[in-house]
Amino acid sequence: LGDRNVALLSGHEWKKQRSTITKSLHGADFIDHNNQAIVTATNILVDALKTKDSVPDMAQTMKMLTLDIFGQTGLHTDFQCCRHLQKSRIAIAFEFLANEMGRRMKDILNPA
């Protein structure tokens, strides 16, 4: 993580790092720079859904699409959730880490 990790910083340094992260993940710039990954993941999902006889849980399906897009745009990794319509092992691990970080940030005095 390093000593300049946004989770470990405070004050001006935290604000500076957080601003950089926010700008890179929001708005038109994000979509412009990552349009192809978003379109590709969406097309893979649509093709996979066409093979299904029933409609899957859409909340989970959108979560899988989000994981695939984030994997491609942020980590340059294909989680392949949309291709198989199920969360891959790496997607499950990533989701666990994200949930755990959120839980720890809510209850910062009880990290265990």
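Trainee: Sorry, what's going on with the environment of Thr-61 here?
Mentor: Locating Thr-61 in the fold gives a position in helix α3 (residues 58-74). Expressed as a C-alpha distance, the spacing of Thr-61 and Cys-81, which sit 20 residues apart in the sequence, is 8.6 Å. For Thr-61, the contacting residues outside a window of four places in its chain are Leu-45 and Pro-56.

Trainee: What's the story with a nonpolar patch on the surface in this structure? I'm lost.
Mentor: A cluster of nonpolar side chains, namely Met-101, Met-105, Ile-108 and Leu-109, defines an oily patch on the protein surface of about 490 Å² accessible area. Tracing the backbone shows Met-105 in helix α5 (residues 89-106).

Trainee: Help me understand the state of the cysteines in this model?
Mentor: Cysteine pairs can be linked by a disulfide, which is a covalent bond between their two sulfur atoms. In this structure the tally under the stated criterion is zero disulfides. The thiol sulfur of Cys-81 is not disulfide-bonded, and the nearest other cysteine sulfur, from Cys-82, lies at 6.6 Å. With a relative accessible area of 0%, Cys-81 lands in the buried category. Residue classification places Cys-82 among the buried residues on the basis of a relative accessible area of 1%.

Trainee: Mind showing me how you'd approach the packing of aromatic side chains here?
Mentor: Any pair of aromatic rings gets described here by the distance separating the centres and the angle formed by the planes. All chains considered together, the criterion is met by two aromatic pairs. On the numbers, 5.8 Å between centres and 45° between planes, the contact of Phe-79 with Phe-94 is tilted. Linking Phe-79 in the loop between α3 and α4 (81-84) with Phe-94 in helix α5, this pair joins segments that are 15 residues apart in sequence. By relative accessible area, Phe-79 is classed as buried at 2%. Ring-pair connections join several aromatic residues into one group, and the members of that group are Phe-70, Phe-79 and Phe-94.

Trainee: How should the pattern of salt bridges be read in this particular structure?
Mentor: For the coordinates displayed, the defined rule picks out five salt bridges. Across the pair Glu-95 and Lys-87 runs a salt bridge whose closest N-O atoms are separated by 2.8 Å. The class for Glu-95 is buried, based on a relative accessible area of 16%. A salt bridge links Glu-100 to Arg-104; the nearest nitrogen and oxygen atoms lie 3.0 Å apart. Residue Glu-100 and its partner Arg-104 are both found in helix α5; the two are separated by four residues, about one turn of the helix. Assessed through its relative accessible area of 40%, Arg-104 is described here as partly exposed. Overlapping salt bridges bring together Lys-63, Lys-87 and Glu-95 as one network.

Thresholds, definitions, all that
- Residues numbered from 1 in each chain as written.
- Predicted model: local features only at pLDDT ≥ 70, side-chain atom pairs only at ≥ 80, totals over all residues.
- Heavy atoms only, no water.
- Helix = DSSP H or I, 4+ residues; strand = E, 2+ residues; numbered from the N terminus.
- Contact = heavy atoms within 4.5 Å.
- Patch = residues over 30% accessible without salt bridge, like charges linked within 9 Å, V, L, I, M, F, W, Y side chains within 5 Å.
- Areas by Shrake-Rupley, 256 points an atom, 1.4 Å probe, with all protein chains shown as cover.
- Salt bridge = Lys/Arg side-chain N within 4 Å of Asp/Glu carboxyl O.
- Disulfide = S-S within 2.5 Å.
- Buried < 20%, exposed > 50% of the residue type's maximum accessible area, 1.4 Å probe, protein only.
- Phe/Tyr/Trp six-rings, centres within 6.5 Å; stacked < 30°, edge-to-face > 60°.

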